[in-house]
Amino acid sequence: MKNISILGSTGSIGTQALEVVSENSNALNIVGLTTNTSIDLLEKQIDTYSPRIVCVMDGDTALVLEKRLKKRGLAVDVVTGLEGLIAVATASENDLLLTAVSGMIGLQPTLAAINAGIDIALANKETLVAGGQLVMDAAAASGVSLLPVDSEHCAIFQCLMGNKHEEIDRIIITASGGPFRGYSHKQLESVTLAQALKHPNWSMGKKITIDSATLMNKGLEVIEAKWLFNLRNNQIDVVVHPQSIVHSMVEFIDHSTIAQLGLPDMALPIQIAFFYPERVANNRPALDFSQIRELTFSEPDRIAFPCLQLAYDALEIGGTMACVLNAANEIAVSRFLNQEISFLDIPRINRQVMEQHQVIVHPNLDDVLAADAWAREISNAYN
Ligand SMILES: NC(=O)C1=CN([C@@H]2O[C@H](COP(=O)(O)OP(=O)(O)OC[C@H]3O[C@@H](n4cnc5c(N)ncnc54)[C@H](OP(=O)(O)O)[C@@H]3O)[C@@H](O)[C@H]2O)C=CC1
Ligand SMILES: CC(=O)[C@@H](O)[C@H](O)COP(=O)(O)O
Ligand SMILES: [Mn+2]
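Residues numbered from 1 in each chain as written. Chains lettered and ligands numbered in written order. Predicted model: local features only at pLDDT ≥ 70, side-chain atom pairs only at ≥ 80, totals over all residues. Heavy atoms only, no water.

1. Here's the deal with the coordination of the manganese ion (ligand 3)
Distances from the manganese ion (ligand 3) to its protein donors, namely Asp150 (OD), Glu152 (OE) and Glu221 (OE), fall within the range 2.0 to 2.1 Å. Motif for the manganese ion (ligand 3), donor spacing along one chain: D-x1-E-x68-E. Residue Asp150 is classed as buried on the basis of its relative accessible area, which comes to 7%. (Donors = N, O, S within 2.8 Å, 3.2 Å for Na, K, Ca; no water. Buried < 20%, exposed > 50% of the residue type's maximum accessible area, 1.4 Å probe, protein only.)

Next comes the structure, spelled out in structure tokens:
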């Protein structure tokens, strides 16, 4: 049995991960689960998976759940806040932690789990964007595995199996292009929240769905890839592939390219991380090549979608800049979701906050947390 805790079990990745656990209940066991506020769903998950410990971020909401569980005679530790997330992340029974919260709130629990010697299945890309060097240094020091769950990074991870790092020429990350692929800057001025929330291929949480629409998701993935695969900035390319069948590729020094293909279903990357280094069978459909009419590839439009270029800029600048871009973007997306700002305000805020930032070149954790807090405050103040 592999003991797993999931940070963000009530979200899109979290619920799909629990389906994978149900499909493999002979091999996978749940220790801890967490939610921000979704306690009705968390209670159902407690009934199905019997975790020892759960975390509800908000203290008052946690009390409501605690009372309900007590009334039903269920003995589950209910913890709360960031300390609660860290308690679930570092539970002594954990063999593996799936980090599937949205946003850089995942950074400190992930670092704590790594320092406790627990392997990480990483969906929460913001953690690596904000604290990439810290996370990679901690993982190297404690010898744990960082297993990518993001579909593109899982694809690259698979393409690299059996190849040496020095044989990589570049990686090519595929982007669907989102709901506004092909739109001009002028057309983007009037897009609505409802349109932005309609991803063409994937059903995901709201924050990442908006990131896909701005191409910030691809920018975050470029930064995530740099850290996960120890690449130079000029080794990471992005290509638009609207069908989301080729999940990414690696080109080697002999100009052979290996790609990973599959239907758009996150169960596979989750399953690969849960069982690595084994591959296990599943009952999900395979690709039917006779039904694929076309696989197309084109250059991303970095002018109409400036967030992708901002991510490359942040990588070039280094230090705390990627953390600041991430924090600005988290706030801008949340304000767009609250319909306080327009779609094009997202890249505008991200750029303006980056322009004001005094970079710390070799940040420690306190520096990263301070840069994150600073950027959030500034981003909230922009009109
Ligand atoms: N969805 C996908 O297919 C993919 C997602 N990812 C990445 O995985 C991560 C999760 O994405 P996704 O599942 O779509 O997101 P969701 O919004 O669907 O779920 C996020 C989860 O985290 C919880 N949560 C949200 N905010 C906080 C907070 N401040 N503190 C504690 N818990 C919190 C949510 O609780 P509640 O239910 O109460 O809101 C929920 O359980 C993101 O980093 C995303 O970029 C990567 C690749 C694909
Ligand atoms: C499923 C997954 O990994 C997402 O990150 C997805 O790739 C988003 O699609 P975009 O290519 O539109 O950003
Ligand atoms: Mn992805």
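After that view of the structure, there is still more to cover.
2. Focus: the site of ligand 1
The environment of ligand 1 is formed by 24 residues, the closest being Thr10, Ser12, Thr37, Ser38 and Glu126. Contact distances for ligand 1 include 2.9 Å between an oxygen atom and a backbone N or O atom of Ile13. Here Thr35 contributes a side-chain N or O atom positioned 3.1 Å from an oxygen atom of ligand 1. Considered on its own, ligand 1 offers 890 Å² of accessible surface; in the complex 85% of this is hidden by protein. Looking at the shell around ligand 1, the elements that each hand over two or more residues are helix H1 (12–23) and helix H6 (125–142). Classifying every residue of the shell around ligand 1 gives nine nonpolar, twelve polar and three charged. (Near = heavy atom within 4 Å. Polar contact = N/O pair within 3.5 Å; in protein donor to acceptor, adjacent residues only side chain to side chain. Areas by Shrake-Rupley, 256 points an atom, 1.4 Å probe, with all protein chains shown as cover. Helix = DSSP H or I, 4+ residues; strand = E, 2+ residues; numbered from the N terminus. Nonpolar A, V, L, I, M, F, W, Y, C, P; charged D, E, K, R; others polar.)

3. With respect to the pairing of strand E6 (residues 119–122)
As judged from the four bridges shared by strand E5 (residues 96–99) and E6, these two strands associate in the parallel manner. Directly across from Thr99, in E6, lies its bridge partner Leu122. For the segment spanning E5, helix H5 (residues 107–115) and E6, crossover handedness is right-handed. Both E6 and strand E7 (residues 146–148) contribute to a ladder of three bridges, which runs parallel. By the bridge assignment for E7, Ile120 is matched with Leu146. (Pairing = 2+ DSSP bridges. Right-handed = clockwise from strand over helix to strand, strands pointing away.)

4. Examining the UniProt feature "binding site: NADPH" (unreviewed entry) in the chain
What UniProt calls "binding site: NADPH" (unreviewed entry) maps, in this numbering, to Thr10, Gly11, Ser12, Ile13, Asn124, Glu126 and Gly205. As for its position among the elements, Gly11 is in the loop between strand E1 (2–7) and H1. Along the polypeptide, Glu126 turns up in helix H6. When neighbours within four sequence positions are excluded, Glu126 is seen to be in contact with Ser102, Gly103, Met104, Lys207, Asn326 and Glu330. (UniProt positions renumbered as here; feature names shortened; annotations may be inferred. Contact = heavy atoms within 4.5 Å.)

5. Comments concerning the state of the cysteines
What is meant by a disulfide is a covalent connection between two cysteines, made through their sulfur atoms. Inspection of the entire model under this criterion finds zero disulfides. Cys159 provides the cysteine sulfur closest to Cys154, a residue in no disulfide bond, and the two sulfurs are 9.4 Å apart. Here Cys154 falls in the buried class, since its relative accessible area comes to 2%. (Disulfide = S-S within 2.5 Å.)

6. A word on the site of ligand 2
In the vicinity of ligand 2 there are 15 residues, among which Ser151, Glu152, Ser176, His199 and Asn217 approach most closely. Between ligand 2 and Ser151, the relevant distance is 2.6 Å, taken from an oxygen atom to a side-chain nitrogen or oxygen of the residue. Side-chain polar atom of Lys218 to an oxygen atom of ligand 2: 3.0 Å apart, as the coordinates give it. Protein contacts shield 97% of the accessible area of ligand 2, which totals 350 Å² for the unbound molecule. Only helix H7 (151–160), helix H10 (206–214) and helix H11 (216–229) provide two or more residues apiece to the shell around ligand 2. Across the shell around ligand 2, the residue classes tally to five nonpolar, five polar and five charged.

7. Here we look at the nonpolar core
Leu98, Ile171, Phe274 and Phe343 are the most contacted members of the largest nonpolar core, which has 120 residues in total. Discounting chain neighbours no more than four positions away, the residues touching Ile171 are Ile156, Ala225, Leu231, Gln235, Ile236, Asp237, Met249 and Val250. (Core = buried A, V, L, I, M, F, W, Y, C linked by side-chain atoms within 4.5 Å.)

8. Examining the packing of helix H15 (residues 345–356) against helix H16 (residues 365–381)
Orientation of H15 relative to H16, taken along the N-to-C sense of each, is 130 degrees, at an axis distance of 10 Å. Here H15 is positioned oblique relative to H16, judged by the angle of their axes. Where H15 crosses over H16, the handedness of that crossing is right-handed. Facing H15, whose interface residues are Ile349, Val353 and Gln356, H16 presents Trp374, Ala375, Ile378 and Ser379. Split into classes, the residues belonging to the contact of H15 with H16 amount to five nonpolar, two polar and no charged. (Axes fitted to C-alpha atoms, helices over the stretch in contact; angles between N-to-C directions. Parallel < 35°, antiparallel > 145°, perpendicular 65-115°, else oblique. Left-handed = near helix turned anticlockwise from the far one by under 90°.)

9. Looking at the side chain of Thr61
Here Thr61 is to be found in helix H3 (residues 59–71). A distance of 2.5 Å separates the side chain of Thr61 from the side chain of Asp58, its partner in a polar contact. Each residue touching Thr61, except ones within four places of it in the same chain, is listed here: Thr37, Ile39 and Val56.

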